[in-house]
Amino acid sequence: MIHKNITPVENIICLNNIEQKNRHKAAVVWLTGLSGSGKSAVAANVCSKLFQHNCQVFVLDGDNLRLGLNRDLSFSREHRWENIRRAGEVAHLFYQSGSIVLCSFISPFETDRSVVKEMFPEERFLEIYVKCRVEECIRRDPKGLYKKALNNDIPDFTGITSPYECPQNPALTIDTETNDIDESGDKIIALLRRKGITDSLA
C-alpha cells in the first residue's frame, strides 16, 4: 500500500531516449529453475556476450540479494514471496535505466513469478525455464545444498521437501543436460534478437 504522502518521481530522461542511445531495448530475462540447474552460469555467459556488444546489462542473482537486500528474509512461504517481489522491484529499477536485466532466481512458485511479470510490458519480460532433472542437480550439487537437504539439515528445500512449479508458457526452455553453458547462452541471445530487443546490434 502506497502511503498517501509519497509521490513517485518521474525519470528525467525517458526510456525511449535511453534505448536510442544504447541501440537496444530494455528487457528483463528471468531465469527460473532448480538449484544447480545452471541459471547463474547461463546468466553470466549471456551477460558477457551482451557486454561484448556494448549492451547495458546487469545480472541480478538470488544469492547476492539474499546476502544483502533480502538478508532479513527466511525461506518460509511468505518470505519466499517477499524475496521475489523485492527482486522484481530491483529488476524494474534497472529496466527503467535501459538495462537488459538477467535475473537468476529459483522462484519456484508460478504465482510469485506472475507478480513480477505484471511489473513489465509483456514483450519486455522473457521467462526462461532452465530445465534440469532433480537427479542431475543432486549429482552436480555445486554448493553442497542437496546433500544437506537430503540429510534434513535444510528444511523446505526446493525439489526435495518443497515443490517447484514449472513455467507453463515460458519464452524459452533450455535443457542444461543436453545443452552446455555456451549453447544455452547462445539460445537466449537468439531469443533477444527474435524479440527485437537487440535487433539493432551488429
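Right above here is the structure, for reference.
The following paragraphs examine the structure supplied in this document.

What counts, and at which threshold
Residues numbered from 1 in each chain as written. Predicted model: local features only at pLDDT ≥ 70, side-chain atom pairs only at ≥ 80, totals over all residues. Heavy atoms only, no water. Axes fitted to C-alpha atoms, helices over the stretch in contact; angles between N-to-C directions. Helix = DSSP H or I, 4+ residues; strand = E, 2+ residues; numbered from the N terminus. Parallel < 35°, antiparallel > 145°, perpendicular 65-115°, else oblique. Left-handed = near helix turned anticlockwise from the far one by under 90°. Contact = heavy atoms within 4.5 Å. Nonpolar A, V, L, I, M, F, W, Y, C, P; charged D, E, K, R; others polar. Expected span 1.5 Å × (residues − 1). Buried < 20%, exposed > 50% of the residue type's maximum accessible area, 1.4 Å probe, protein only. Pairing = 2+ DSSP bridges. Polar contact = N/O pair within 3.5 Å; in protein donor to acceptor, adjacent residues only side chain to side chain.

Points about the packing of helix α4 (residues 77-96) against helix α5 (residues 110-117)
- Where α4 contacts α5, the two axes come as close as 9 Å, and the packing angle between them is 25°. Relative to α5, the element α4 lies roughly parallel. Pair α4 / α5 crosses with right-handed handedness. Counted together, Arg 77, Arg 80, Trp 81, Ile 84 and Gly 88 of α4 and Thr 111, Asp 112, Val 115 and Val 116 of α5 form the full contact between these two elements.
- Split into classes, the residues belonging to the contact of α4 with α5 amount to 4 nonpolar, 2 polar and 3 charged.

Examining helix α2 (residues 39-52)
- Over its 14 residues, α2 runs 20 Å from end to end, which matches the ideal 20 Å to within 8%, given 1.5 Å per residue.
- Residues Lys 39, Val 42, Ala 43, Asn 45, Val 46, Cys 47, Lys 49 and Leu 50 constitute the buried set of α2.
- At its buried positions, α2 is contacted by β1 (27-32), β2 (57-61), β3 (100-104), β4 (125-131) and α8 (181-194).
- At the exit of α2 stands Asn 54, carrying a positive phi of roughly 65°.

Observations concerning the pairing of β3
- With 5 of 5 residues buried, β3 lies mostly within the body of the structure.
- Where β1 meets β3, 5 bridges bridge the pair, whose relative direction is parallel. Within β3, the residue paired with Leu 31 across the bridge is Ser 104.
- Bridging between β2 and β3 involves 5 bridges; their strand directions are parallel. Its bridge partner being in β3, Leu 60 is matched across the sheet by Cys 103.

Focus on the packing of α2 against α8
- Look at α2 against α8: their axes get within 8 Å of each other, and the N-to-C directions meet at 55°. Between α2 and α8, the interaxial angle falls into the category oblique. Viewed along their axes, α2 and α8 form a crossing whose handedness is right-handed. Between α2 and α8, the contacting residues are Ala 41, Val 42, Asn 45, Val 46, Lys 49 and Leu 50 on the first element and Ile 181, Asp 182, Ser 184, Gly 185, Asp 186, Ile 188, Ile 189 and Leu 192 on the second.
- For the contact of α2 with α8, the residue count by class is 8 nonpolar, 3 polar and 3 charged.

Some points on the environment of Arg 80
- Tracing the sequence through the fold places Arg 80 in helix α4.
- Given a relative accessible area of 10%, Arg 80 falls into the buried group.
- Residues Arg 80 and Val 29, 51 residues apart in the sequence, show an inter-C-alpha distance of 20 Å.
- For Arg 80, the contacting residues outside a window of four places in its chain are Arg 66, Ser 74, Phe 75, Pro 108, Phe 109, Asp 112, Asp 156, Phe 157, Thr 158 and Ser 162.
- Within the local environment of Arg 80, its side chain forms a polar contact with the backbone oxygen of Asp 156, the two atoms lying 2.4 Å apart.

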